[in-house]
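Topology and contacts: notes
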Amino acid sequence: RRWLLLCNKPLADVITQRIGSGWITNLSQLRNLMTFINDDAFLDQIAAVKLQNKTSLAKWLTKTYKTAIPASAMFDMHVKRIHEYKRQMLVLLHAITMYNRLKSHSDKPFCPRVVMIGGKAAPGYHVAKMIIKLICNVAKVINNDGEVQGKLKLLFLDNYRVSLAEKIIPSADLSEQVSTAGTEASGTSNMKFMLNGALTCGTLDGANIEIKDECGAENIFIFGANVDEISRLRQGYDPWKYYNQNEELRLAINQIKDGHFSPENAQLFRPIVDSMLNPHDPYCLLADYESYVACQERISTAFADRRQWARMCVANIANAGYFSSDRTIQEYNDEIWHVKAVQVIPAETPIGMSRLNSAASFV
């Protein structure tokens, strides 16, 4: 429970004020928060905690990355191991598309965003390391373009680790879980973001499916091909079809290919382009681009209605208890182990504290 109780104390305090402290040892009690989903005062508290966390993170990011981060913008996060199946490139293509739209239609309404991508690549995984380099290069272009200041930022969160996750997860508005359907065993970052009130943008893959079942389809943003559709796509996948049919996608890929983000070496990111346009790409990246961008439009519209967005956040927090390991272990016991419960009465320590509680303080 460190991902709420320890790293997001302001939210934990608000929850305890409303439903008591029982949720700390029985996470399913978070469902009691659904009682307050239309309580304006509670929704204001949830929104205030999120803004407090975002303001704190924005100050740290501004100092660390030397670029101004507006706390009022949507904090859009994709943090996980760098791998083609996790599709950091889908998030990056959308960032490039947003940038191009702002450059060509600066007068149109736009939901300000700070897109953050974080993770590490295996030492021998060349394409993954090139993806990191590309993210950094695109960020350099976007973040130094005065025409989009205050509207769009892109950051690569270097040296992503638990201590950094503890800073950013409580501050997230949007949790990107965009792996190709059928490739993610489960994932746990999606659960941590959900518990902290971030809304999920994802495919029907891994635990996203269960998140949708728990919080309701109206409180999650689903896009892309499902497992059966991906299976059929792989039998005759043609990435060039998507490239040729979608002007915004074609422009973004051409910018990568032609050196717009690497003027010192126009061919630098050719391996990434070749991978995206390879008919044997097992992750069918380009097939989901149009659906993903359309989903992001729905997200921007939803974010503009802050009251409804807060309700969706509460629905996610309240239904995150399902993902507690306590529930998992209990189900294993009920269905497989059939072990009888034994009451444990811990001995007292010399200072009057149970050994169990003393040990727990070190967890």
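For the structure, see preceding data.
Nothing here was measured: the structure is a model prediction, and the numbers come from that model. (Residues numbered from 1 in each chain as written. Predicted model: local features only at pLDDT ≥ 70, side-chain atom pairs only at ≥ 80, totals over all residues. Heavy atoms only, no water.)

Taken as a whole and assessed by the stated rule, the structure comprises 10 aromatic pairs. Centre to centre, the rings of tyrosine 322 and phenylalanine 323 are 5.2 Å apart; their planes meet at 90 degrees, and the pair counts as edge-to-face. For tyrosine 322, a relative accessible area of 24% gives the class partly exposed. In this structure phenylalanine 323 comes out as buried when scored by relative accessible area, which is 15%. When the ring of tyrosine 332 is compared with that of tryptophan 337, the centres are 5.5 Å apart and the planes differ by 15 degrees; the resulting orientation is stacked. Residue tyrosine 332 is classed as partly exposed on the basis of its relative accessible area of 41%. Residue class for tryptophan 337 comes out partly exposed when judged on its relative accessible area of 49%. Within the aromatic cluster, the residues linked to one another by ring pairs are Phe221, Phe303 and Trp309. Residue placement shows lysine 54 over the ring face of phenylalanine 75; its charged tip is 4.8 Å from the ring centre. Positioned above the aromatic ring of tyrosine 322 is the side chain of arginine 327, whose terminal nitrogen or guanidinium carbon lies 3.8 Å from the ring centre. (Phe/Tyr/Trp six-rings, centres within 6.5 Å; stacked < 30°, edge-to-face > 60°. Buried < 20%, exposed > 50% of the residue type's maximum accessible area, 1.4 Å probe, protein only. Lys NZ or Arg CZ within 6 Å of the ring centre and 35° of its normal.)

The next subject is the pattern of salt bridges. Tallying each qualifying case throughout the model produces 16 salt bridges. Between lysine 103 and aspartate 145 there is a salt bridge, and its shortest N-O distance comes to 2.8 Å. You can see lysine 103 sitting in helix α4 (residues 88–104) and its partner aspartate 145 sitting in the loop between α5 (126–143) and β3 (152–157), a full 42 residues away along the chain. Look at lysine 103 and you get partly exposed, because its relative accessible area is 33%. Classification of aspartate 145 as buried rests on a relative accessible area of 11%. (Salt bridge = Lys/Arg side-chain N within 4 Å of Asp/Glu carboxyl O. Helix = DSSP H or I, 4+ residues; strand = E, 2+ residues; numbered from the N terminus.)

Here we take up the nonpolar core. The biggest cluster of nonpolar side chains holds 95 residues, and the ones touching the most others in it are Met89, Leu93, Ile256, Met276 and Leu286. Considering each element in turn, this core owes the most residues, 10 residues, to α5. In this view, leucine 93 contacts Leu249, Ala252, Ile253, Ile256, Met276, Leu285, Leu286 and Tyr289; residues no more than four positions away in its chain are not counted. Core analysis: the second largest hydrophobic core is formed by 23 residues, Ala58, Val79, Val114 and Leu157 among them. (Core = buried A, V, L, I, M, F, W, Y, C linked by side-chain atoms within 4.5 Å. Contact = heavy atoms within 4.5 Å.)

Time to look at helix α14 (residues 306–318). Three- or four-residue spacings in an α-helix give side chains the same orientation, since the helix completes a turn every 3.6 residues. An ideal rise of 1.5 Å per residue puts 18 Å on 13 residues; α14 measures up with 18 Å between its terminal C-alpha atoms. Within α14, burial applies to Trp309, Ala310, Met312, Cys313, Val314, Ala315, Asn316, Ile317 and Ala318. (Expected span 1.5 Å × (residues − 1).)

Take the packing of helix α2 (residues 9–19) against helix α3 (residues 40–65) next. Packing of α2 against α3 leaves a shortest axis separation of 9 Å and a crossing angle of 165 degrees. Classified by the angle between their axes, α2 and α3 sit roughly antiparallel to one another. The handedness of the crossing between α2 and α3 comes out as right-handed. Contacts between α2 and α3 involve Pro10, Leu11, Val14, Gln17 and Arg18 on the former and, on the latter, Ala41, Phe42, Gln45, Ile46, Val49, Gln52 and Asn53. (Axes fitted to C-alpha atoms, helices over the stretch in contact; angles between N-to-C directions. Parallel < 35°, antiparallel > 145°, perpendicular 65-115°, else oblique. Left-handed = near helix turned anticlockwise from the far one by under 90°.)

Looking now at the sheet that holds strand β4 (residues 174–177). Sheet architecture is open: six strands sit in the order β3-β2-β1-β4-β5-β6, paired in parallel fashion. Looking along the sheet, the strands with just one partner apiece sit at the ends: β3 and β6 (221–222). Both strand β1 (residues 74–79) and β4 contribute to a ladder of two bridges, which runs parallel. Within β4, the residue paired with methionine 77 across the bridge is serine 175. Strands in contact with α4 are β1, β2 (113–118), β3 and β4; relative to β2, the strand with the most contacts, it is inclined by about 155 degrees. (Pairing = 2+ DSSP bridges.)

Our focus in this paragraph is the pairing of β3. Counting buried positions along β3 gives six out of six residues, so the element sits mostly inside the fold. Residues Leu152, Leu154 and Phe156 of β3 are buried on one face, and the alternating residues Lys153, Leu155 and Leu157, pointing to the opposite face, are buried as well. Tracing the backbone out of β2, into α5 and back to the parallel element β3 gives a crossover that is right-handed. (Right-handed = clockwise from strand over helix to strand, strands pointing away.)

At their nearest, the axes of α4 and α5 sit 11 Å apart, and the two run at 15 degrees to each other. In terms of their interaxial angle, α4 and α5 are classed as roughly parallel. Viewed along their axes, α4 and α5 form a crossing whose handedness is left-handed. Contact with α4, carried on its side by Gln88, Met89, Leu92, Ala95, Ile96 and Tyr99, involves Ile131, Leu134, Ile135, Val138, Val141 and Ile142 of α5 and no other residues of that element. Considered class by class, the residues forming the contact of α4 with α5 number 11 nonpolar, one polar and no charged. (Nonpolar A, V, L, I, M, F, W, Y, C, P; charged D, E, K, R; others polar.)

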